[in-house]
Amino acid sequence: MRKEFYYAPLLLMSFLSVDTVAQDLSAMVDKQVTTLEDKVIAWRRDFHEHPELSNREFKTAEKVAKHLRSLGIDVQTGVAHTGVVGLLKGNKPGPVVALRADMDALPVTERVDLPFASKVTTEYNGEEVGVMHACGHDTHVAILMGTAEVLASMKKELQGTVKFIFQPAEEGAPAGEEGGAELMLKEGVFDNPKVDVVYGLHINSSTAVGHIGYRPEGEMASVDGLTITIKGAQTHGAYPWNGVDPIVTAAQIVLGLQTIVSRNLEIIKAPAVVTIGKIEGGVRSNIIPEEVTMIGTIRALDTGMQEKIHQRIREVATNIGESAGATVEVAISKHYPVTYNDPALTAASLPILEKTAGKEQVHLIPPRTGAEDFSFFAREVPGFFFFLGGMPPEMDPAEVPPHHTPDFYIDDSGLALGVRTLANLTLHYMDTHTHATGK
Ligand SMILES: [Zn+2]
Ligand SMILES: [Zn+2]
């Protein structure tokens, strides 16, 4: 007791000074962003006009690397094909904070009437396609370039190191190639120096400018591919009793799979989806074929539930097959993990979001059954991923063209908030973790 009493005034003083420092830095961020905003928007429009597909982000990477170098940041290029990694060492010791932006565009032909609309075309899977930043990754690159400029200007005050990760191929590498977050990790992006925490954001076309959405724990779904092969015995369509019909068996399996989410999962915990998207088998009306294959996708927001779905798919499919006299093979390939927001990090980030965007502008959102390859990063260290508003305020979210479509549109007046938020999250993490760990 005495000891605590003795140290109390000292502790109080140090907390006060920490808070004052944090406030000063956040005021510096605000000032910097105000002068930077036009530049961030100009970068974004340039990237928008010159989009590049996954693993082909050559010019984008060049521009990013040039900008980081101009800020005195150590730059590594060619990570996971076209990735750029910048390392900013603050003058004071502290943790290593990773900030991630994805750089790739999509094979979509832009239909939006903008002075900086994309007219780029390229060959994709042997076809001539338009290329468009139809998921808004152009805004992510510009926001992170702006954040790098803000934090580089505060190098003297910075208590730790920032790793800026400009990632290729979030939307998936071309057939036969590796890519994205997973490949960056394989190439050691989280080592030398070891990353302690990772933040990322996604612009959202149906969230109004100035608003932020977030969710602790499972925020976006895991994605697994599913292939089921059913082998029966071929026979004449008029004499089915002479064979084993894989088409009827496939139909029973499709229905059986529907009971996994509805009957086997504790759905009050988190949602899940099992979808069969394609069934193939047979050549004509009067031949019962030997084999049917079907493919599908599995989405989950909880890793335990994801495993349970896999187990039940195997049981349901093989047992239905067995009851029909068919043999069934189930192959499940894991594509993306659950995008998981560390609960403690989310709780610590929330006051920063609220201070930066305004309390009324920050919303707890429902989980999404789409996926994000930020999930690979957030599986390695505590991660926090949030959504940033990109919708013109006067628009109705229900009428907004979705991501990945030719009419997808982002109002770039919301980008400054992205820069402020990433910079403040970084500074706050450094502040709280430097003092807590004495690093
Ligand atoms: Zn996308
Ligand atoms: Zn995206």
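All values derive from a computational prediction rather than experimental measurement.

A.B. asks: Even after reading the chapter, I still don't get the coordination of the zinc ion (ligand 1), so can you show me in this structure?
C.D. replies: Donor atoms from the polypeptide that coordinate the zinc ion (ligand 1) comprise Cys135 (SG), Glu171 (OE) and His404 (NE2), at 2.0 to 2.3 Å from the metal. Donor residues for the zinc ion (ligand 1) sit on one chain with the sequence pattern C-x35-E-x232-H. Between the two metals, the zinc ion (ligand 1) and the zinc ion (ligand 2), the spacing is 3.1 Å, and Cys135 donates to both. Of this pair, Cys135 sits in the loop between β5 (127-130) and α3 (137-152) while His404 sits in the loop between β18 (383-391) and α9 (415-437), and the two are 269 residues apart along the sequence.

A.B. asks: Would you mind going over the pairing of β5 with me for this structure?
C.D. replies: Sheet topology places strand β4 (residues 121-124) next to β5; four bridges connect them, and they run antiparallel. Bridge assignment links Thr122 to a residue of β5, and that residue is Val129. A loop of two residues connects β4 with β5, the two strands running antiparallel in sequence, and Asn125 in this loop sits at a positive phi of about 50°.

A.B. asks: Would you mind showing me how to read the confidence of the model for the chain here?
C.D. replies: A residue-level look at the chain finds 94% of positions with pLDDT of 70 or above and a mean pLDDT of 94. Confidence drops under pLDDT 50 across residues 1-16; counting only partners more than four residues distant or on other chains, this segment forms zero contacts.

A.B. asks: Help me understand the packing of helix α2 (residues 58-70) against α3 in this model?
C.D. replies: At a minimum axis separation of 10 Å, α2 and α3 run at an interaxial angle of 10°. When the axes of α2 and α3 are compared, the pair comes out roughly parallel. Across from Thr60, Lys63, Val64, His67 and Leu68 in α2, the residues of α3 making contact are Val141, Met145, Ala148 and Glu149. Of the residues contributing to the contact of α2 with α3, the split by class is five nonpolar, two polar and two charged.

A.B. asks: Whenever I open this one, the packing of aromatic side chains confuses me. Can you help?
C.D. replies: Each aromatic ring pair is summarised here by two numbers: the centre-to-centre distance and the angle between the ring planes. Throughout the structure, instances matching the rule amount to seven aromatic pairs. Centroid distance Phe385 to Phe387: 5.8 Å. Interplanar angle 85°. Geometry classified as edge-to-face. The two residues Phe385 and Phe387 agree in class, both being buried. Taken together, the ring pairs connect Phe190, Phe374, Phe377, Phe385 and Phe387 into an aromatic cluster. Across from the ring centre of Phe387, 4.0 Å away, lies the NZ or CZ of Arg368, which sits over that ring.

Reading guide: rules and limits
- Residues numbered from 1 in each chain as written.
- Chains lettered and ligands numbered in written order.
- Predicted model: local features only at pLDDT ≥ 70, side-chain atom pairs only at ≥ 80, totals over all residues.
- Heavy atoms only, no water.
- Donors = N, O, S within 2.8 Å, 3.2 Å for Na, K, Ca; no water.
- Helix = DSSP H or I, 4+ residues; strand = E, 2+ residues; numbered from the N terminus.
- Pairing = 2+ DSSP bridges.
- pLDDT = per-residue confidence, 0-100.
- Contact = heavy atoms within 4.5 Å.
- Axes fitted to C-alpha atoms, helices over the stretch in contact; angles between N-to-C directions.
- Parallel < 35°, antiparallel > 145°, perpendicular 65-115°, else oblique.
- Nonpolar A, V, L, I, M, F, W, Y, C, P; charged D, E, K, R; others polar.
- Phe/Tyr/Trp six-rings, centres within 6.5 Å; stacked < 30°, edge-to-face > 60°.
- Buried < 20%, exposed > 50% of the residue type's maximum accessible area, 1.4 Å probe, protein only.
- Lys NZ or Arg CZ within 6 Å of the ring centre and 35° of its normal.

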